[in-house]
Amino acid sequence: MTTPSLRARAGAGERLLGVLLRMPGEELVEMAAVAGFDFVLIDCEHGPADVGALRQHIAVAAIHRVPVVVRVGEDDPGMILRALDQGAQGILAPHIDSAADAVALVSAAHYPPTGTRGFATYSRAGRFGESDPTAHRDWFLDNTLVLGMIESPVGVAVAAEIVATPGLDGIMIGPADLAAASGPSDPPLPEATAHVNAAIAAEGKLRMDIVGTVSAAADAFADGAQLVVYNLAYSLMAHMKSLLAPRG
């Protein structure tokens, strides 16, 4: 690839803005690309995890030179392999509750010697066997974006250990899951969020925030996030409801 990868751009300090969407949504992928978003995050955790459909969405994004990150299910190395083989540039894995979880994520996302991802060049990502094997391996070792999600009080408590995991590029807090999993004796959501974000900053890792509005995106960037992703379902529903205003 001749253009800088999403990982390279984030590491260089760019502020990157994306959209989270669920399949089927090929036209939404194209619309996000034409509008000028930096990346698309496809949700295969709370949405369909159909690899055939995922391939089509990634291919559509590639036509517009927009990188794709895939949110996989919990502890799902098989899906990580398939998403990357189809050309995803990054993986977002939910429910990282320990450093061991983070280590397993990094291992699944990277080729040896960094990880244990199965090696093949005959997939879409390897240009159907036309990529030089060494160049293919080296590109993915250097450019695969590996992100985890902290979504529980258990993960919050060990955030520093999780974030310090070699090969883990960054963290996104899952605010809905974290709020649902927190009890009266756990830190409130703003305090837990600040604790995790401080750990991310201290380790010099990337931070991705999920938001629903333009003002929230601006606040996230101002607070130190390098990647911000709109929950497109939330944003579209809010806009659609606003369109009903003329009927009174």
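Our subject is the structure listed above.
Within each chain, residues carry numbers counting from 1 in the order of the written sequence. Since the coordinates come from a predicted model, pLDDT governs what is reported: local features require at least 70, and pairs of side-chain atoms require 80 or more to be given and counted, while whole-chain, interface and lining totals use all residues. Only hydrogens and water are removed before side-chain values are computed, so all heavy atoms of the structure are retained for them.

Engineer: Help me understand the pattern of salt bridges, please; the structure alone is not making it clear to me.
Structural biologist: Side chains carrying opposite charge are able to pair once their charged atoms draw close together. One side-chain nitrogen of Lys or Arg within 4 Å of one carboxyl oxygen of Asp or Glu is enough to make a salt bridge. Enumeration over the complete set of coordinates arrives at 10 salt bridges. A salt bridge links Arg-7 to Asp-169, with the shortest nitrogen-to-oxygen separation between them at 3.0 Å. Here Arg-7 is found in helix H1 (residues 6–11), whereas its partner Asp-169 is found in the loop between helix H8 (159–163) and strand E6 (170–173), with 162 residues between them in sequence. A network of salt bridges, in which partner residues are shared, links Arg-22, Asp-43, Glu-45 and Arg-71. Put simply, DSSP marks the helices as runs of H or I at least four residues long and the strands as runs of E at least two long, and each gets a number from the N terminus on.

Engineer: Please clarify how the packing of helix H3 (residues 51–63) against helix H4 (residues 77–85) should be interpreted in this entry.
Structural biologist: Each pair of packed helices can be summarised by the angle the axes make with each other and by the distance between the axes. Interaxial angles span 0 to 180 degrees and are taken between N-to-C directions of axes, which are lines fitted to C-alpha atoms, for helices over the stretch in contact. Two numbers describe how H3 lies on H4: the axes approach to 10 Å, and their chain directions differ by 35°. Two packed elements cross with a definite hand, and for H3 against H4 that hand is right-handed. Across from Val-51, Leu-54 and Ile-58 in H3, the residues of H4 making contact are Met-79, Arg-82 and Ala-83. Partitioned by chemical class, the residues of the contact of H3 with H4 number 5 nonpolar, no polar and 1 charged. What makes a crossing left-handed is the near helix being turned counterclockwise from the far one by less than a right angle; a clockwise turn instead makes it right-handed. Every residue pair with non-hydrogen atoms within 4.5 Å of one another is taken to be in contact. Under the grouping applied here, Gly and all other residues not named as nonpolar or charged are polar, the nonpolar ones being Ala, Val, Leu, Ile, Met, Phe, Trp, Tyr, Cys and Pro and the charged ones Asp, Glu, Lys and Arg.

Engineer: Even after reading the chapter, I still don't get the pairing of E6, so can you show me in this structure?
Structural biologist: Look at any regular strand and the pattern is simple: side chains alternate between the two faces of the sheet. Side chains of E6 alternate between two faces, with Gly-170 and Met-172 and Ile-171 and Ile-173 buried alike. DSSP bridges decide pairing: two strands pair if at least two such bridges lie between them. Two strands pair when backbone bridges link them, and strand E5 (residues 145–150) and E6 are joined in this way by 4 bridges, in the parallel orientation. For Ile-150, the partnering residue across the bridge sits in E6 and is Ile-173. Here's how the labels work: a residue is buried when its accessible area is under 20% of the maximum for its type, exposed when over 50%, partly exposed in between, all with a 1.4 Å probe on protein chains only.

Engineer: I keep staring at the sheet that holds strand E2 (residues 39–43) and nothing clicks. Help me out?
Structural biologist: Within a sheet, adjacent strands bond to each other through the backbone by hydrogen bonds, running parallel or antiparallel. Read around the closed barrel, the 8 strands follow the order E1-E2-E3-E4-E5-E6-E7-E8; overall the barrel is parallel. In this sheet, adjacent strand axes meet at a mean angle of 25° when their direction is disregarded. Note: strand E1 (residues 16–21) against strand E8 (residues 227–231), 5 bridges, orientation parallel. Residue Leu-20 lies in a different strand from E8, and its bridge partner there is Asn-231. The sheet strands contacting helix H10 (residues 189–203) are E5, E6 and strand E7 (206–211), and the helix crosses E6 at an angle near 170°.

In short, geometric facts, not functional conclusions.
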